[in-house]
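# Remarks on the overall topology
Below are the chains, spelled out letter by letter.
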Amino acid sequence: MTEQRWSKARTFIAGASSAAVVLLAFLVPSLQDQWDRHETRLAVDRYVSVGDRLLQEGHYASAEQSYNRAVELAGYQRYDLIEKQLRARVMRVYEDPAWHGRTPDEVTEADYIYLLEVQRAPAQARERAATLSAYGVYLAGLNRLSDAEARLQESAALDPKSPDPHVNLGNLYDDLHRYTDAESQYRAAITLDPKGASATYNLGLLLLARNRPAEAEPLFRELLAQGGNDSDVRSALTQSLAAQGKPAPDAPVNPAARRPLRKP
């Protein structure tokens with residue numbers, strides 16, 4: 001190779017080397033950034049998956065924590081994750097199994113209103129119905145009973161296959177001494193979900209309080225057959241038997257220890 005050609009070659013090689021250095025300077029960080037984004041997306045998906053499972057299992061506070069972490073990792077522009085986060089939060093009214101139980105301080109009415117606004121699509125009818133039912137429980141806890149009734153009725157109309165708003169309406173009508181309406185709602189819930197413990201238990205308590213222990217007895221027996229030796233149900237069965245002059249199935253449970261299992 002002549003000196004002139006070698007000089008041209010060296011110039012070309014030097015230029016190519018410089019271009020390669022510049023390219024690598026931009027390419028390596030870009031590849032690392034893409035890898036980091038990929039790993040972040042995987043972590044977000046894992047947290048969302050865990051949150052979905054916890055929400056399905058009724059562990060609402062833990063589900064909210066999982067969604068919180070997903071939102072933090074993904075950034076606060078992921079409105080789909082914020083919606084999941086709020087769904088878990090509003091369902092926390094069910095954490096206390098007692099009707100009119102304590103509502104977590106983190107749950108606010110604004111959460112329900114916001115979530116209902118974003119659940120207006122027909123495809124989200126079931127999710128909206130569940131939110132409305134939980135909203136009814138929240139309002140009942142604030143003693144806004146007429147508002148609670150309206151939300152629960154709206155929930156029942158929106159998702160006719162869900163027993164939850166009927167259980168909650170039964171509890172509400174029981175509070176309002178509308179016992180016939182309460183019984184009707186509990187029976188509607190049982191029709192929709194024959195194995196639903198809350199509706200069966202609450203109906204049994206209602207019948208027992210209305211001096212109908214013979215009707216209450218088989219309900220409590222059915223629950224014991226389904227769920228084992230629950231002390232609340234066994235105590236209620238003992239009371240229904242005593243009201244009929246029948247012997248208790250075993251040593252009675254202290255009635256003061258009963259817990260109202262009044263949530264769907």
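Residues numbered from 1 in each chain as written. Predicted model: local features only at pLDDT ≥ 70, side-chain atom pairs only at ≥ 80, totals over all residues. Heavy atoms only, no water.

Let us look at the packing of helix α2 (residues 60-74) against helix α3 (residues 79-90). It is at 8 Å that the axes of α2 and α3 come closest, and there the two elements cross at 160°. In terms of axis orientation, α2 runs roughly antiparallel to α3. Relative to α3, the crossing made by α2 is left-handed. Residues Tyr60, Ala63, Glu64, Tyr67, Asn68, Ala70, Val71 and Ala74 of α2 form the contact with α3, whose participating residues are Leu81, Ile82, Lys84, Gln85, Ala88 and Arg89. Classifying every residue of the contact of α2 with α3 by side-chain character gives nine nonpolar, two polar and three charged. (Axes fitted to C-alpha atoms, helices over the stretch in contact; angles between N-to-C directions. Helix = DSSP H or I, 4+ residues; strand = E, 2+ residues; numbered from the N terminus. Parallel < 35°, antiparallel > 145°, perpendicular 65-115°, else oblique. Left-handed = near helix turned anticlockwise from the far one by under 90°. Contact = heavy atoms within 4.5 Å. Nonpolar A, V, L, I, M, F, W, Y, C, P; charged D, E, K, R; others polar.)

Here we take up α2. Helix length check: α2 (15 residues) gives 21 Å between terminal C-alpha atoms against 21 Å at 1.5 Å per residue, within 8%. Of all the positions in α2, only Tyr60, Ala63, Glu64, Ser66, Tyr67, Ala70 and Val71 are classed as buried. One face of α2 carries all of its buried residues, which in axial projection span an arc of 160°. Just downstream of α2 lies Gly75, where phi reads positive at about 95°. (Expected span 1.5 Å × (residues − 1). Buried < 20%, exposed > 50% of the residue type's maximum accessible area, 1.4 Å probe, protein only. Arc of directions from axis to C-beta.)

Aromatic ring pairs are described here by two measures, namely the spacing of the ring centres and the angle between the planes. Applying the stated criterion across every chain, the model contains three aromatic pairs. Seen from their ring centres, Tyr112 and Tyr138 are 5.1 Å apart, and the 40° between their planes marks the pair as tilted. With Tyr112 in helix α4 (residues 109-118) and Tyr138 in helix α5 (residues 125-141), the pair connects residues that are 26 residues apart, well separated along the chain. Plain terms: the ring middles of Tyr201 and Phe220 are 6.2 Å apart, the flat faces sit at 65° to each other, and that makes the pair edge-to-face. Linking Tyr201 in helix α9 (residues 197-209) with Phe220 in helix α10 (residues 213-227), this pair joins segments that are 19 residues apart in sequence. The class of Tyr201 is buried, set by a relative accessible area of 1%. (Phe/Tyr/Trp six-rings, centres within 6.5 Å; stacked < 30°, edge-to-face > 60°.)

Quick look at unusual backbone geometry now. In this model, Asn143 sits at a positive phi of 65°, which is unusual for a non-glycine residue. The topology assignment puts Asn143 in the loop between α5 and α6 (145-158). A positive phi is found at His177, a non-glycine position, where the angle reads about 65°. You can see His177 is positioned in the loop between α7 (164-175) and α8 (179-192). For His177, a relative accessible area of 55% corresponds to the exposed category.

The next point concerns the nonpolar core. Among the nonpolar cores identified, the biggest contains 51 residues, and Val93, Tyr94, Tyr112, Tyr138, Leu172 and Phe220 are the most heavily contacted of them. Per element, the largest residue contribution to this core is seven residues, and it comes from α5. With sequence-adjacent residues up to four places away left out, Phe220 is seen in contact with Tyr201, Gly204, Leu205, Leu208, Val233, Ala236, Leu237 and Ser240. (Core = buried A, V, L, I, M, F, W, Y, C linked by side-chain atoms within 4.5 Å.)

A separate point is the layout of surface pockets. Its boundaries defined by the atoms lining it, the largest pocket holds a volume of some 690 Å³. Together, 24 residues line the largest pocket, and Gln56, Arg87, Met91, Ala130 and Asp164 are the ones closest to its centre. When residues of the lining of the largest pocket are traced back to their parent elements, those giving at least two are α1 (3-57), α2, α3, α5 and α7. Each residue belonging to the lining of the largest pocket can be placed in one class, and the counts come to ten nonpolar, four polar and ten charged. (1 Å grid on protein atoms, 1.4 Å probe; cavity = no way out; pocket = protein on both sides within 12 Å on 5 of 7 lines; lining within 4 Å. Points joined across faces, edges and corners; volume = space filled by probe spheres on them.)

This next bit is on the confidence of the model for the protein chain. Of the residues in the protein chain, 77% have a pLDDT of 70 or more, and the chain-wide mean is 80. Counted against residues more than four places away or in other chains, residues 251-264, with its pLDDT under 50, gives 40 contacts. (pLDDT = per-residue confidence, 0-100.)

This paragraph deals with a nonpolar patch on the surface. A cluster of nonpolar side chains, Tyr79, Tyr114 and Val118, forms an exposed patch at the surface whose accessible area comes to about 290 Å². Tracing the backbone through its elements, the reader meets Val118 in helix α4. Here Val118 falls in the partly exposed class, since its relative accessible area comes to 31%. (Patch = residues over 30% accessible without salt bridge, like charges linked within 9 Å, V, L, I, M, F, W, Y side chains within 5 Å. Areas by Shrake-Rupley, 256 points an atom, 1.4 Å probe, with all protein chains shown as cover. Salt bridge = Lys/Arg side-chain N within 4 Å of Asp/Glu carboxyl O.)

Inspection of the secondary structure puts Arg128 in helix α5. Here Arg128 falls in the buried class, since its relative accessible area comes to 14%. Once residues within four sequence positions are removed from consideration, Arg128 is found in contact with Leu116, Gln119, Arg120, Glu154 and Leu158.

Here we come to the side chain of Glu217. Topologically, Glu217 is positioned in helix α10. Here Glu217 falls in the buried class, since its relative accessible area comes to 10%. Reaching out from Glu217, the side chain makes a polar contact with the side chain of Arg221 at a distance of 2.9 Å. Among the polar contacts listed, one links the side chain of Glu217 to the side chain of Gln244, at a separation of 3.0 Å. Setting aside residues no more than four positions away along its own chain, Glu217 makes contact with Leu237, Ser240, Leu241, Gln244 and Lys246. (Polar contact = N/O pair within 3.5 Å; in protein donor to acceptor, adjacent residues only side chain to side chain.)

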